[in-house]
Amino acid sequence: MIENLKSITRLEFNIPRSGIHVLTGVNGSGKTTLLACLQRLTDSYAFQRHFKSSSNNQFDSFRNSKIRYENNGSFVEYTYRNTRWAPTPKRKASLLNTMGYTNAFLVSSNVERFYVQNEELNTRGIQAAPTFYKASMNEIFHTTKYTELRRKKLDGKGRGNGRANYGFLLPAKSVGHQNQYYTEKNFSLGELLILNALFQLENIADDSLILIDEIELALHPKVQVSFLTFLQKMAVQKNLTVILSTHSSSLIKKASKLIYLERNPTNGHVNVEYDCYPALALQNMAIQEEVQPTVYHFMFKLPDTTEYRRICLSRC
């Protein structure tokens, strides 16, 4: 349960089990805040990372905020005290470890999502990218060009295997018997977003909770749906629970398990509609053109004349 956090006065949420769950709602309904609270199940820094406070308690204050987790009749409640979020009762802090998830991580719509390796690369040590990346990128983008995807670990980084330690490349036509490459600096934004997501998903443990905020960013509707299908396969293979937020009508229509958040503007209470019908979610979200009928125009020539007429047919 979430109380008095940002625009949310009260929100009660039952965490679903394995499978893909599409979370939607208009801007300000609490989607990102909810995902951050779910990330806290295994990430002790989630609140500090997502709920930025100020030294002046007149700004960005969470003094009245409460985030409560319950499981099997026990509960622990987090409140903001001075500079940190503290559990009450303190001895129940370990309750989060009993929720059944090996790991819970959030693919946020922040700068990490848009990461691009800008350091200059050299050709020494360039290797074929792992099969997971090549096969996944080909599947998601409906192509074969990523079969040749390469990866290079940067020299002298020495910071483990984080995303900043690697650069991705694609071979180009050779010039004068010299190999040529396009680095990820010349990948499309959509390609980068999927590549960065795959970097986080590559070694995800079984029985994990995967949270993705605004999954549709920079992706064509067809790619959005294929990424959803890809995640569905991963969820089955590793018994994952995947909750992804979206404003995409394509994903809302495609979702087999749709969760709709609706915030009451008067009191700030957020109602959660599980197993929601797409039409209910779209009625407050779709642009006018999406709910209008499709219109077809046909031109035909009048016999024995030079005149043309147009007829218009609509399909609801």
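Described in the following lines is the structure provided in the data block. Counting restarts for each chain, with residues numbered from 1 along the sequence as it is written. Selection of residues for local features in this predicted model requires a pLDDT of at least 70, selection of side-chain atom pairs for listing and counting requires 80 or more, and totals for whole chains, interfaces and linings are taken over all residues. By convention in this description, side-chain values take in all heavy atoms of the structure and omit both hydrogens and water.

**Regarding the side chain of Ser-208**
To keep things clear, this is the line we draw: Working definition: helices are DSSP H or I runs of at least four residues, strands are E runs of at least two. Numbering for both runs from the N terminus. Note on contacts: a residue pair qualifies if any of its non-hydrogen atoms lie within 4.5 Å across the two residues.
Secondary-structure assignment places Ser-208 in the loop between helix 4 (189–201) and strand 12 (209–212). Those residues in contact with Ser-208 that sit more than four places away from it in its chain are Tyr-101, Thr-102, Asn-103, Asn-239, Leu-240 and Thr-241.

**Remarks on empty space enclosed by the protein**
So the rule is basically this: Only protein atoms enter the 1 Å grid, on which a cavity is a set of points fitting a 1.4 Å probe that cannot get out and a pocket is an open set with protein on both sides within 12 Å along at least 5 of 7 lines, lining residues being those with an atom within 4 Å of a point. Grid points are joined across faces, edges and corners, and a volume is the space filled by probe spheres set on the points. All amino acids are sorted into three groups, where Ala, Val, Leu, Ile, Met, Phe, Trp, Tyr, Cys and Pro are nonpolar, Asp, Glu, Lys and Arg are charged, and the leftover types, Gly among them, are polar.
Tallied over the entire structure, the rule returns 1 cavity of 30 Å³ or more. Lining the largest cavity are Val-107, Arg-113, Leu-193, Ile-194, Ala-197, Ile-212, Ile-215, Leu-217, Leu-219 and Phe-227. Of the residues that constitute the lining of the largest cavity, the class distribution is 9 nonpolar, no polar and 1 charged.

**Considering the pattern of salt bridges**
Formally: Note on definitions: salt bridges are taken to be side-chain nitrogens of Lys or Arg within 4 Å of carboxyl oxygens of Asp or Glu. For each residue, the accessible area found with a 1.4 Å probe, counting protein chains only, is set against the maximum for its type, and the residue is called buried under 20%, exposed over 50%, and partly exposed in between.
Applying the stated criterion across every chain yields a total of 10 salt bridges. Notably, a salt bridge pairs Asp-43 with Arg-49, separated by 2.8 Å at the nearest N-O pair. On the basis of relative accessibility, which here comes to 15%, the residue Asp-43 falls in the buried class. Judged by relative accessible area, Arg-49 falls into the partly exposed class, the value being 36%. With its nearest N and O atoms 3.5 Å apart, the salt bridge here joins Arg-150 to Glu-148.

**Considering the packing of helix 4 against helix 5 (residues 221–238)**
A packed helix pair is summarised by two numbers, namely the angle formed by the two axes and the spacing between the axes. We apply this condition: Fitting a line to C-alpha atoms yields each axis, with helices limited to the stretch in contact; the angle taken between N-to-C directions then spans 0 to 180 degrees. Roughly parallel means an angle under 35 degrees; roughly antiparallel, over 145; roughly perpendicular, 65 to 115; everything else is oblique.
Interaxial distance between helix 4 and helix 5 falls to 13 Å at its minimum, and their mutual angle equals 5°. When the axis of helix 4 is compared with that of helix 5, the two are roughly parallel. Of helix 5, the residues touching helix 4 (which contributes Ile-194, Ala-197, Leu-198 and Leu-201) are Phe-227, Phe-230, Leu-231 and Met-234. For the contact of helix 4 with helix 5, the residue count by class is 8 nonpolar, no polar and no charged.

**Comments concerning the environment of Ile-67**
Structurally, the position occupied by Ile-67 is in strand 4 (residues 66–71). Relative accessible area serves as the criterion here: at 1%, Ile-67 is assigned to the buried category. Along the backbone, Ile-67 and Asn-4 are 63 residues apart, and their C-alpha atoms lie at a distance of 9.0 Å. Residue contacts for Ile-67: discarding those within four places in its chain leaves Met-1, Leu-5, Cys-37, Phe-47, Phe-51, Val-76, Glu-77, Tyr-78 and Trp-85.

**Notes on the layout of surface pockets**
Quantified by volume, the largest pocket comes out at close to 570 Å³. If you trace the largest pocket, you find 23 residues lining it, with Phe-105, Leu-106, Glu-112, Phe-199 and Gln-200 closest to the centre. Sorting the residues of the lining of the largest pocket by element identifies helix 2 (46–50), strand 7 (104–107) and helix 4 as the ones contributing at least two each. Of the residues in the lining of the largest pocket, the class split is 8 nonpolar, 9 polar and 6 charged. Lining the second largest pocket are 19 residues, with Met-1, Phe-13, Asn-14, Arg-68 and Glu-70 sitting closest to its centre. If you list the elements that add at least two residues to the lining of the second largest pocket, you get strand 2 (8–11), helix 1 (31–39) and strand 4. Top contributing element to the lining of the second largest pocket by residue count: strand 4, with 5 residues. Among the residues forming the lining of the second largest pocket, the class breakdown is 12 nonpolar, 2 polar and 5 charged.

**What about the packing of aromatic side chains?**
Test applied: Aromatic pairing here means that ring centres of Phe, Tyr or Trp (its six-membered ring) are within 6.5 Å. Orientation follows from the plane angle: under 30 degrees is stacked, over 60 is edge-to-face, and everything else is tilted. The criterion is that NZ of a Lys, or CZ of an Arg, lies within 6 Å of the ring centre and within 35 degrees of the ring normal, and then a charge sits over that ring.
Scanning the model with the defined rule gives 17 aromatic pairs in all. Ring plane angle 45° and centroid distance 5.8 Å describe the contact between Phe-62 and Trp-85, whose orientation is recorded as tilted. Taken together, the residues Phe-62 in the loop between helix 2 and strand 4 and Trp-85 in strand 6 (residues 84–88) connect sequence positions 23 residues apart. For the pair formed by Phe-62 and Trp-85, the shared burial category is buried. For the pair Phe-132 and Phe-230, a centre-to-centre distance of 6.3 Å together with 50° between the ring planes defines the contact as tilted. Residue Phe-132 is found in helix 3 (residues 131–141), and its partner Phe-230 is found in helix 5; the two are separated by 98 residues along the sequence. Residue Phe-132 is classed as partly exposed on the basis of its relative accessible area, which comes to 23%. Exposure remark for Phe-230: the relative accessible area of 4% places this residue in the buried category. Three or more aromatic residues joined by ring pairs form one cluster here, namely Phe-47, Phe-51, Phe-62, Tyr-69, Tyr-78, Tyr-80 and Trp-85. The cationic tip of Arg-68 hangs over the ring face of Phe-75; the distance from NZ or CZ to the ring centre is 3.7 Å. When the ring centre of Tyr-166 is taken as reference, the NZ or CZ atom of Arg-151 above it lies at 4.1 Å.

**Here we look at the nonpolar core**
Generally speaking, nonpolar side chains in soluble globular proteins are found buried as a group. Heads up, the condition is: What makes a nonpolar core is a set of buried Ala, Val, Leu, Ile, Met, Phe, Trp, Tyr and Cys residues whose side-chain atoms join them at distances within 4.5 Å.
Counting residues in each nonpolar core, the largest one holds 45 residues, and the members touching the most others are Phe-227, Leu-231 and Leu-244. The contact partners of Leu-244, leaving out residues within four places of it in the chain, are Ile-20, His-21, Val-22, Leu-23, Ile-212, Ile-215, Leu-228 and Leu-231. Counting residues in hydrophobic clusters, the runner-up holds 34 residues, among them Leu-96, Met-99, Leu-261 and Val-272.

Just geometry here; none of it tells us what the structure is for.
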